[in-house]
Amino acid sequence: PEYDPQANGAAESAVKAWKGMYRTQKSSLESSIAMKVPVRHPLTAWIVKWAGDVLVWQLKGHDGLTPYQRIRGKPLHTRLAALGEMVRFKIRSREPLPADGDRWHDGVFLGIDRRTGQYIVNGTDGIKHARTILRLPDSEKWKCDAVEKVRATPYTLYQPSEPAVSFRDPAPLPGV
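None of the values given here were measured: they were computed from a predicted structure.

Undergrad: Sorry, what's going on with the packing of aromatic side chains here?
TA: Any pair of aromatic rings gets described here by the distance separating the centres and the angle formed by the planes. According to the stated counting rule, one finds four aromatic pairs in the structure shown. Arranged with centres 5.7 Å apart and planes meeting at 75 degrees, the rings of tryptophan 50 and tryptophan 57 form a pair that is edge-to-face. Neither tryptophan 50 nor tryptophan 57 differs from the other in exposure class; each is buried. Among the aromatic residues, those joined into a ring-pair cluster are Trp50, Trp57, Phe109 and Tyr119.

Undergrad: It is not clear to me how the nonpolar core should be interpreted in this structure. Could you clarify?
TA: As a rule of thumb, nonpolar side chains are buried together in soluble globular proteins. If you look at the biggest cluster of nonpolar residues, it comprises 35 residues, and the most contacted ones within it are Leu43, Trp46, Val108, Phe109, Leu110 and Ile133. For this core, the secondary-structure elements that each account for two or more residues are α1 (9-33), α2 (42-58), β1 (86-90), β2 (104-112), β3 (119-123) and α4 (144-148). Tallying contributions element by element places α2 first for this core, with eight residues.

Undergrad: So what exactly am I meant to see when it comes to the pattern of salt bridges here?
TA: Side chains that differ in sign of charge can pair as their charged atoms come close. In total, this model carries ten salt bridges according to the counting rule given. Notably, a salt bridge pairs arginine 114 with aspartate 53, separated by 2.7 Å at the nearest N-O pair. Of this pair, arginine 114 sits in the loop between β2 and β3 while aspartate 53 is found in helix α2, placing the two residues 61 residues apart along the sequence. Residue class for arginine 114 comes out exposed when judged on its relative accessible area of 54%. Residue classification places aspartate 53 among the buried positions, given a relative accessible area of 3%. Linking arginine 88 and aspartate 106 is a salt bridge whose minimum nitrogen-to-oxygen distance equals 3.0 Å. Here the residue arginine 88 occupies a position in strand β1, and aspartate 106 occupies one in strand β2, the gap between them amounting to 18 residues. Salt bridges sharing partners connect three or more residues here, namely Lys26, Glu30 and Lys36.

Undergrad: Would you explain α2 in this entry?
TA: Because the α-helix completes a turn every 3.6 residues, residues three or four places apart line up on one side. Counted at 1.5 Å a residue, the expected span for α2 with its 17 residues is 24 Å, and the 25 Å between its end C-alpha atoms agrees. Counting buried residues along α2, 13 of its 17 residues qualify, which places the element largely inside the surrounding structure.

Undergrad: Looking at this structure, how should I read the layout of surface pockets?
TA: Vacant regions in the atomic arrangement are exposed by a probe of water-molecule size rolled over the atoms. Taken as a whole, the largest pocket encloses approximately 320 Å³ of empty space. Per-class residue counts for the lining of the largest pocket are seven nonpolar, four polar and six charged. Computed from the structure, the second largest pocket encloses a volume of approximately 200 Å³. Along the walls of the second largest pocket sit Met86, Asp106, Gly107, Val108, Asn122, Gly123, Thr124, Gly126, Lys143, Asp145, Ala146 and Lys149, which together make up its complete lining.

Undergrad: Sorry if this is basic, but what is going on with the packing of α1 against α2 here?
TA: Between two packed helices, what matters for the description is the angle formed by their axes and the separation of those axes. Interhelical geometry of α1 versus α2 gives an angle of 125 degrees and a closest axis separation of 9 Å. The angle between α1 and α2 falls in the class oblique. Where α1 crosses over α2, the two elements pack in a sense that is right-handed. Here α1 contributes Ala17, Trp18, Met21, Tyr22, Gln25, Lys26 and Leu29 to the contact with α2, which in turn contributes Leu43, Thr44, Ile47, Val48, Trp50, Ala51, Gly52, Val54 and Leu55. Considering only residue class, the contact of α1 with α2 consists of twelve nonpolar, three polar and one charged.

Reading the values: the criteria
- Residues numbered from 1 in each chain as written.
- Predicted model: local features only at pLDDT ≥ 70, side-chain atom pairs only at ≥ 80, totals over all residues.
- Heavy atoms only, no water.
- Phe/Tyr/Trp six-rings, centres within 6.5 Å; stacked < 30°, edge-to-face > 60°.
- Buried < 20%, exposed > 50% of the residue type's maximum accessible area, 1.4 Å probe, protein only.
- Core = buried A, V, L, I, M, F, W, Y, C linked by side-chain atoms within 4.5 Å.
- Helix = DSSP H or I, 4+ residues; strand = E, 2+ residues; numbered from the N terminus.
- Salt bridge = Lys/Arg side-chain N within 4 Å of Asp/Glu carboxyl O.
- Expected span 1.5 Å × (residues − 1).
- 1 Å grid on protein atoms, 1.4 Å probe; cavity = no way out; pocket = protein on both sides within 12 Å on 5 of 7 lines; lining within 4 Å.
- Points joined across faces, edges and corners; volume = space filled by probe spheres on them.
- Nonpolar A, V, L, I, M, F, W, Y, C, P; charged D, E, K, R; others polar.
- Axes fitted to C-alpha atoms, helices over the stretch in contact; angles between N-to-C directions.
- Parallel < 35°, antiparallel > 145°, perpendicular 65-115°, else oblique.
- Left-handed = near helix turned anticlockwise from the far one by under 90°.
- Contact = heavy atoms within 4.5 Å.

Below, the structure written as structure tokens:
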């Protein structure tokens, strides 16, 4: 029957799997940084997104394929880091070099952009997209102060730019 939760078995089990992955990811991050992540912190939105992404990329179904493999026809070959882990990322060549002249910087790993396949990293000057990351040794992976500095959410990542066209009063017609 309509609106009966028992009739939505696949949807209910998907929600159950996602909730379990969310709790696992949040608990793992909290134990790694030895602090609790507040519910209203922007990192919570990243955990929500990451939990769904991990299920799509890693959870195999009854046919032995992941949802990603069913959609794309090939397995995910991108190397994954843990959410909130400190990584070194390489600034893209089209971006200007910083004052120190180094292309490699430290940042907090936040996920992977589904459209471009680039890594999303929170650097010292905000969210950056990188094609290349390097994982750090275990002793340098987890820094609570760096994780606390995350201010963007996946929903505020792409702020619309100011329009290039502006409206003006019409010019007076000659002879009128």
